[in-house]
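Chain residues, written in single-letter form:
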Amino acid sequence: MNVLVTGGMGYIGSHTCIQMIQAGMTPIILDNLYNSKNTVLDRIEKVAGVRPKFIEGDIRDKDLLTSALKDNAIESVIHFAGLKAVGESVEKPLEYYDNNVNGTLVLVDAMREAGVKTLVFSSSATVYGDPASVPITEDFPTSATNPYGRSKLMVEECLTDFQKANSDWSITLLRYFNPVGSHPSGELGEDPQGIPNNLMPFVSQVAVGRREFLSVFGSDYPTKDGTGVRDYIHVMDLSDGHVAALEKVGNKSGLHIYNLGTGNGYSVLEMVKAFEAASGKPVPYKLVERRAGDIAECWADPSKAINDLGWKAERTLNEMTEDTWRWQSNNPDGYPG
Ligand code: NAD
Ligand code: UDP
């Protein structure tokens, strides 16, 4: 199966390409390299034994997309491309709506023109806003508190309307919880530019000596130890979830919505301890004020994906932290180039 992978040079996309190759699929990557490097391709080739075809370009370029879909006999699309930093989205809302919302509309328009009717979209648990309770099931109400989250919600709504009007399409919305970890080879991982916004990249940069200490945002939440609790999922499990979605519902018309999470919640301090154990390095931290817009706790009920997709997150917290450390210590400055 030839699959166009938008954003396939990024963190989740690159790992998914490897799992797709292993499952016998052919990923064709389209990425504008805004937040990734060319050398990711070398690493995919090294690990998977195949160098995917790479088209450098932007999802907002409809002519490029239409020809990429037609020329490569694409049967389905996994759509990762977009901007993802919450704080930046508050400063630059137009860029977020343009890349994430407009970009998706252009992609779907090109798919329509090329006759490609299967789409898997990267959504996020952020669409649940501040959930009334945990664990979260797919029928919980949705809301947004910042432009990034709103862009994900808008795309979900646009795709829902579009699928209603085009009932022969298969559209899958995958709501990721907190992706962490790296390929176990240590060749691929998360390579944030500048100061990391997310917990695990920050922790690993402290452990490797690139940053002095971690600021723990809030220690007075109504949680087990006062710090925020999240559902961290290994990026390899998340990648397998995309393969399962394509295999199980990619050929079934309809709108399919799945939480991709483990169903377990860990606190910030539990993550720090686990990382110290895996790396053998101290991770100094300071308890500071809550970060604006953060919620106390969030974890998934993953039953629907388990039942329908036959997929379950299996990697342990130890694997998440050990694999992160292997990537970070082998590549302290991220990808070369
Ligand atoms: P990433 O930034 O590592 O990867 C995104 C890729 O898309 C990058 O390689 C970037 O160069 C490319 N890109 C961005 N805008 C583009 C455009 N207009 N045209 C072509 N390429 C473009 O991010 P990631 O962590 O791999 O996330 C992938 C997707 O998953 C994103 O849509 C993100 O919003 C979503 N998601 C991520 C997380 C997370 O914590 N990482 C959580 C939930 C959802
Ligand atoms: N967090 C933290 N310090 C950091 C980054 C994150 O204490 O430098 C906390 C954050 O408050 C939250 C958890 O770690 O409780 C996960 O945050 P992240 O930004 O990784 O994910 P999200 O907020 O999207 O769930």
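Quick caveat, the model's predicted, so the values are computed rather than measured. (Residues numbered from 1 in each chain as written. Chains lettered and ligands numbered in written order. Predicted model: local features only at pLDDT ≥ 70, side-chain atom pairs only at ≥ 80, totals over all residues. Heavy atoms only, no water.)

K.L.:
Please explain the site of ligand 1 as it appears in this structure.
P.N.:
In the neighbourhood of ligand 1, 27 residues make up the surrounding shell, with Asp31, Asn35, Ser36, Lys84 and Asn99 lying closest. Isoleucine 59 is positioned such that a nitrogen or oxygen atom in its backbone is 3.1 Å from a nitrogen atom of ligand 1. Taken by itself ligand 1 offers 830 Å² of open surface, and the protein chains cover 96% of this. Of all the secondary-structure elements, those providing two or more residues to the shell around ligand 1 are helix H1 (11-22), strand E5 (118-124) and helix H6 (147-165). Take the shell around ligand 1: its biggest share by element is three residues, from E5. Residues belonging to the shell around ligand 1 are distributed by class as follows: eleven nonpolar, eleven polar and five charged. (Near = heavy atom within 4 Å. Polar contact = N/O pair within 3.5 Å; in protein donor to acceptor, adjacent residues only side chain to side chain. Areas by Shrake-Rupley, 256 points an atom, 1.4 Å probe, with all protein chains shown as cover. Helix = DSSP H or I, 4+ residues; strand = E, 2+ residues; numbered from the N terminus. Nonpolar A, V, L, I, M, F, W, Y, C, P; charged D, E, K, R; others polar.)

K.L.:
Mind showing me how you'd approach the sheet that holds strand E3 (residues 53-56) here?
P.N.:
In sheet architecture, strand pairing relies on hydrogen bonds along the backbone and comes in two forms, parallel and antiparallel. Strand order in this open sheet of seven strands is E3-E2-E1-E4-E5-E6-E11, and the pairing throughout is parallel. Looking at which strands have only one partner, the edges of the open sheet turn out to be E3 and strand E11 (254-260). Across the sheet, the mean angle separating the axes of adjacent strands is 20° when strand polarity is ignored. The sheet contact formed by strand E2 (residues 26-31) and E3 spans four bridges and is parallel. (Pairing = 2+ DSSP bridges. Axes fitted to C-alpha atoms, helices over the stretch in contact; angles between N-to-C directions.)

K.L.:
In this structure, what is going on with the site of ligand 2? I would like to understand it.
P.N.:
For ligand 2, the set of nearby residues contains 14 residues, the closest of which are Leu199, Ser215, Arg230, Arg291 and Asp294. The contact in question runs from an oxygen atom of ligand 2 to an N or O atom on the side chain of asparagine 198, over 3.2 Å. Here a nitrogen atom of ligand 2 sits 2.8 Å away from a polar atom, N or O, in the main chain of serine 215. When ligand 2 sits alone it has 510 Å² of accessible area, and the protein chains cover 87% of it. Sort the elements by how many residues they give to the shell around ligand 2 and strand E8 (residues 214-217) lands first, with four residues. Among the residues making up the shell around ligand 2, the classes are represented as six nonpolar, five polar and three charged.

K.L.:
Before we go on, may I ask you to explain the packing of helix H9 (residues 268-279) against helix H11 (residues 317-330) in this structure?
P.N.:
The relative placement of two packed helices comes down to the angle between their axes together with the axis-to-axis distance. Relative orientation of the contacting elements H9 and H11 amounts to 60°, with a least axis distance of 9 Å. By the angle between their axes, H9 is oblique relative to H11. At the point where H9 passes H11, the crossing takes the right-handed sense. Note on element contacts: H11 touches H9 through Leu317, Thr321, Glu322, Thr324 and Trp325, opposite Met271, Ala274, Phe275, Ala278 and Ser279. (Parallel < 35°, antiparallel > 145°, perpendicular 65-115°, else oblique. Left-handed = near helix turned anticlockwise from the far one by under 90°. Contact = heavy atoms within 4.5 Å.)

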